[in-house]
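Chain by chain, the residues:
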Amino acid sequence: MKIWDPRIEEMPAEELKKLQYRHLKTLVYRLYSFSEFYHRRMDEQKVHPDDINSLADITKLPFMYKSDLRDNYPNKIFTAPQDELVRYHVSSGTTGKPTVVGYTQKDLEIWTNSLARSLTAAGLGRGDVMQVSYGYGLFTGGLGLHYGAEKIGATVVPTSVGNTERQIELMQDLSVTAIACTPSYMVHLGETAEKMGISIKNDTDLKTAVLGAEPWSEAMRRRMQEQMGISAYNIYGTSELSGPMFTECSEQNGIHIWGDIAYTEIIDPDTGEQLPSGEKGELVMTILQKEALPMIRFRIGDITSIDESVCPCGRTHPRIERIQGRVDDMLIIRGINVFPSQVEHALLGIPEVSGHFRIVVDRKGALDTMLVQVELNPDSFSDKLSDIMDIRNKVSHLLKNQLNVGVGIELVAPGALPRFEGKAKRVTDRRVM
Ligand code: ADP
Ligand code: K
Ligand code: ZN
């Protein structure tokens, strides 16, 4: 079993903690001195860098939220000057504005190294041919995995998403041994191959799948592994951390979070109190070495628990269990984050429809579908089919632009959707993992 960076990955846990503390201390001083945003935040919390004298003192520091990125759109809280940035990525925000993340050269190196360790932990290396079927472009998945796979000396086939039949042809022709994509796309790929008369298990060299960007279950893993003759590893990350960064090792029992890169806490989402190791709660991460967009105690919103015991694989870095859900109402549609508040925001800009809407999420075959039912405004209500079609096209177009994911639109008569007292129940999710 190869380890990419044994010195770091097998470092005794106590030493790792010391290293984390040193990084934290440096980070806090740097941010207090050079960032108006963090300086103000720490002042508000009445905490000074001198108050941070152990790793446990991290709880004195204020939390950060996705809304901090939205409120400082696009890059007002970046802590590196523009001429040191070498890349931007863009992810979904909670309302109209997306979240912009930026990277210096060193930030990209750390991200790539993180993935080099992770992909090696998943058993990959030189000689592997990896098809990267995550989206290339503004999302972090495609380019992230691309650089990570090249770093370990694998051969990359940058197929990106879509055109599944061609992906399967290439998989055969180029003797692809590994793939990175969403778990639902993996299932879709398997089903498409079946239809083409190709068995992934018997007619391809595929052995490893690195799957993430959306929740999936242990049952789904077992099914895929059996049916397709592969080992499937869970990969985790968010654009605010850099992108997908951390995976499971050969044990397939928790995702190793590289402690020199990120400090992990689990908190009670209601009280903000840190929970003891092993308990389920909201994942909070501090990115210890990032230059352009450091995150202190960032409340990611995913629910999981942490296991700090040394892994049988020899790695000392803590592991988080499979993500169990969200503390907020974020939906993930084909790997893309969608907030009901974004839908609401987009609909508010369209005079022909009202603010009464409902989202129905389902899975057709292996792929997610999203339907938005929205009430017409009384003024726009019409018996003419062509009028209705025009409005529907307009709504569909605007929502696709805002959400980056295709949505079905169903226009309904004014007053047709249920009204709620208190918090509206806007989402019906019919997917089974
Ligand atoms: P990515 O492109 O890596 O999906 P985003 O920032 O767009 O990054 O989305 C991050 C969110 O996606 C996470 O907060 C989490 O909710 C979800 N996610 C990513 N990977 C996984 C995974 N392996 N299992 C469950 N959810 C995941
Ligand atoms: K996602
Ligand atoms: Zn391990």
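The structure presented is a predicted model; accordingly, all values stated were derived computationally and were not measured.

(A) Representation of the site of ligand 1 in the model. Taken together, 20 residues sit near ligand 1, with Asn234, Ile235, Ser239, Asp302 and Asn337 positioned nearest. Contacts to ligand 1 include Ala213, whose backbone N or O atom sits 3.1 Å from a nitrogen atom. Within the contact set of ligand 1, a nitrogen atom lies 2.8 Å away from a side-chain nitrogen or oxygen of Asn234. Residue assignment for the shell around ligand 1 shows that the elements contributing at least two residues are strand S7 (231-238) and strand S12 (298-304). Of the residues belonging to the shell around ligand 1, the class tally is nine nonpolar, eight polar and three charged.

(B) Just the UniProt feature "domain: AMP-dependent synthetase/ligase" (unreviewed entry) in the protein chain, in detail. Feature annotation in UniProt assigns "domain: AMP-dependent synthetase/ligase" (unreviewed entry) to the following positions: residues 74-285. The annotated region residues 74-285 carries 32% helix and 26% strand content, and the separation between its end C-alpha atoms amounts to 21 Å.

(C) Structural detail: the packing of aromatic side chains. All chains considered together, the criterion is met by three aromatic pairs. Aromatic pair Phe37 and Tyr38: ring centres 5.0 Å apart, planes at 90 degrees, arrangement edge-to-face. Considered together, Phe37 and Tyr38 belong to a single accessibility category, that of buried residues. Between the aromatic rings of Phe78 and Tyr88, the centroid separation amounts to 6.3 Å while the plane-to-plane angle is 40 degrees, which identifies the pairing as tilted. Highlighted residues: Phe78 in the loop between helix H4 (66-71) and strand S1 (85-91) and Tyr88 in strand S1, separated in sequence by 10 residues. In this structure, Lys290 packs its charged tip against the face of Tyr103, placed 5.9 Å from the ring centre. When the ring centre of Trp216 is taken as reference, the NZ or CZ atom of Arg322 above it lies at 4.5 Å.

Quick notes on the rules
- Residues numbered from 1 in each chain as written.
- Chains lettered and ligands numbered in written order.
- Predicted model: local features only at pLDDT ≥ 70, side-chain atom pairs only at ≥ 80, totals over all residues.
- Heavy atoms only, no water.
- Near = heavy atom within 4 Å.
- Polar contact = N/O pair within 3.5 Å; in protein donor to acceptor, adjacent residues only side chain to side chain.
- Helix = DSSP H or I, 4+ residues; strand = E, 2+ residues; numbered from the N terminus.
- Nonpolar A, V, L, I, M, F, W, Y, C, P; charged D, E, K, R; others polar.
- UniProt positions renumbered as here; feature names shortened; annotations may be inferred.
- Phe/Tyr/Trp six-rings, centres within 6.5 Å; stacked < 30°, edge-to-face > 60°.
- Buried < 20%, exposed > 50% of the residue type's maximum accessible area, 1.4 Å probe, protein only.
- Lys NZ or Arg CZ within 6 Å of the ring centre and 35° of its normal.

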